[in-house]
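In case you want the letters, here they are:
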Amino acid sequence: MEFAPIVLFVYNRPDLTLNTLQCLRKNEEAKESTLYVYCDGAKAGASPEQLQLIKQVREIVHSQPWCGKVVVFEAEKNKGLATSVIDGVTEVISKHGKIIVLEDDLTLSPFFLKYMNDALTKYADEEKLMAVHGYLYPFEIPASFTDSTFLVHDPGSLGWGTWSRAWSKFEPDTDKVMMQIKAKGLKRPFDFWGAYPFYRMLRQHKNGKVSSWAIRWRGTAYLHDMLTLYPVKSLVRHDGNVASATHHYKEEDWLHTEVYQSPVPVDDIPVRNNLPMEKLFAKFLRAKAGMTVQAKIKNRLKKYWKKITGHA
């Protein structure tokens, strides 16, 4: 098997970067894989402390042969994660035809690369498949579900892979994504039936309030009715819920999950959307993400009560 190249995007978090690289190296396939590392540059007016963190990250990247071959790109100026991911994925996938994508805040199973490569090989020519994802929300899989993998529309962004045939469909124009989702009547399923305001995130991206490649990638999946393969056991944990995080921080890390320490087989399953599993995604997000109207009201009341009483 020709292993897919791995792309890692890093910036200014040395401890998290080191953990991700150490986890990656524990994968047997890493020894025969090529790792591309994109190091983002400093923002204008960055403090000496920020410059030192960026320097530490780059020293860690260069410190060891984390994979069979390591290629490092060091940006002089800050591009931001969204631009970095789009540019980096486009560059690498144009050379190799497939790719595995990581960010600097992930803990990986020692069997992550096996699952990813098995799936990328198995579904290489399956036009219905958009991506392969290694992370799974921490909800309970029904006992009646016996397959090791399943397919849903949500492409995810926490340890994923894809092919050039799918990435070529990526639509970076937010206006086009929003317009087509509305025209095709996809807004409700796109929002997981009211469980999470993904469409609002598109509007926020359009207005410059957030910067996200992933929300446009998700839009692309729904517009083309393409599916992503998920494991029933998470092979990835997201460790980026820290106070210094750029995009989000919550006291309760509802994304936290245990990392599965055994292989996940990529067996034959029907190539169709697993709607019951999508509904479980929605149920979990509605209960945990705190993004519904009811949840926001509850959180505001809780903060108000804490303010006037001094108690949580």
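Rules of the game
- Residues numbered from 1 in each chain as written.
- Predicted model: local features only at pLDDT ≥ 70, side-chain atom pairs only at ≥ 80, totals over all residues.
- Heavy atoms only, no water.
- Salt bridge = Lys/Arg side-chain N within 4 Å of Asp/Glu carboxyl O.
- Helix = DSSP H or I, 4+ residues; strand = E, 2+ residues; numbered from the N terminus.
- Buried < 20%, exposed > 50% of the residue type's maximum accessible area, 1.4 Å probe, protein only.
- Phe/Tyr/Trp six-rings, centres within 6.5 Å; stacked < 30°, edge-to-face > 60°.
- Core = buried A, V, L, I, M, F, W, Y, C linked by side-chain atoms within 4.5 Å.
- Contact = heavy atoms within 4.5 Å.
- Right-handed = clockwise from strand over helix to strand, strands pointing away.
- Pairing = 2+ DSSP bridges.
- Expected span 1.5 Å × (residues − 1).
- Arc of directions from axis to C-beta.
- Polar contact = N/O pair within 3.5 Å; in protein donor to acceptor, adjacent residues only side chain to side chain.

Trainee: Teacher, can you tell me more about the pattern of salt bridges here?
Mentor: Opposite charge on two side chains allows them to pair when their charged atoms are near. In the structure shown here, the tally under the stated rule is 13 salt bridges. Of the charged contacts, one joins Arg218 and Asp154 as a salt bridge, the two residues approaching to 3.2 Å between their closest N and O atoms. Here Arg218, found in helix α9 (residues 214–223), pairs with Asp154, found in the loop between β7 (149–152) and β8 (160–163); they are 64 residues apart in sequence, far enough to count as distant. Judged by relative accessible area, Arg218 falls into the buried class, the value being 3%. Several salt bridges share partner residues, and in doing so they unite Arg13, Asp104 and Asp105 into one network.

Trainee: In this structure, what is going on with the packing of aromatic side chains? I would like to understand it.
Mentor: Under the defined criterion, the tally for this structure stands at 26 aromatic pairs. Taking 4.7 Å as the distance between ring centres and 20 degrees as the angle between the ring planes, the aromatic pair formed by Tyr38 and Phe73 counts as stacked. Taken as a pair, Tyr38 in strand β2 (residues 34–39) and Phe73 in strand β3 (residues 69–74) lie far apart in primary sequence, 35 residues in all. You can call Tyr38 buried: its relative accessible area is 13%. Accessibility expressed as a relative area gives 27% for Phe73, which makes it partly exposed.

Trainee: Where do I start with the nonpolar core in this structure?
Mentor: Among soluble globular proteins, nonpolar side chains are generally buried collectively. Leu35, Phe112, Tyr137, Phe192, Leu229, Phe281 and Leu285 are the most contacted members of the largest nonpolar core, which totals 71 residues. Not counting residues up to four positions away in its chain, the partners in contact with Leu285 are Tyr137, Phe192, Ala195, Tyr196, Phe198, Trp254 and Gly290. Among the nonpolar cores identified, the runner-up in size contains 22 residues, and Val7, Tyr36, Ile86 and Trp217 belong to it.

Trainee: Sorry, what's going on with the pairing of β2 here?
Mentor: On a regular strand, each side chain points to the face opposite its neighbour's, so the side chains alternate between the two faces of the sheet. Within β2, six of the six residues are buried, which leaves the element mostly enclosed by the surrounding structure. Neither face of β2 is left uncovered, since the one carrying Thr34, Tyr36 and Tyr38 and the one carrying Leu35, Val37 and Cys39 both have all their residues buried. In this region the chain leaves strand β1 (residues 6–10), passes through helix α1 (residues 14–25) and returns to the parallel neighbour β2; the handedness of that crossover is right-handed. Sheet topology note: the β2/β3 ladder contains six bridges and is parallel. For Thr34, the partnering residue across the bridge sits in β3 and is Lys69.

Trainee: Explain helix α10 (residues 275–288) here, please?
Mentor: At 3.6 residues per turn, the α-helix brings residues three or four places apart onto the same side. With 14 residues, α10 extends 20 Å between its outermost C-alpha atoms, agreeing within 8% with the 20 Å of an ideal straight helix rising 1.5 Å per residue. Listing the buried residues of α10 in full gives Met277, Glu278, Phe281, Ala282, Phe284 and Leu285. The buried residues of α10 occupy one face: seen down the axis, they fall within an arc of 165 degrees. Looking at α10, the residues exposed on the side facing more than 90 degrees away from the buried face are Pro276, Lys283 and Ala287. Where α10 is buried, its residues meet β7, α8 (198–206), α9 and β9 (227–231). Backbone nitrogen of Met277 and a side-chain oxygen of the N-cap are separated by 3.0 Å at the start of α10; the cap is Asn274. Once α10 ends, the next one or two residues include Gly290, with phi positive near 70 degrees.

Trainee: When you look at the side chain of Asn274 in this model, what are you seeing that I'm missing?
Mentor: By the secondary structure assignment, Asn274 is in the loop between β10 (236–238) and α10. The class for Asn274 is buried, based on a relative accessible area of 18%. Setting aside anything within four residues of it in sequence, one finds Asn274 in contact with Phe145, Phe150, Leu151 and Val152.

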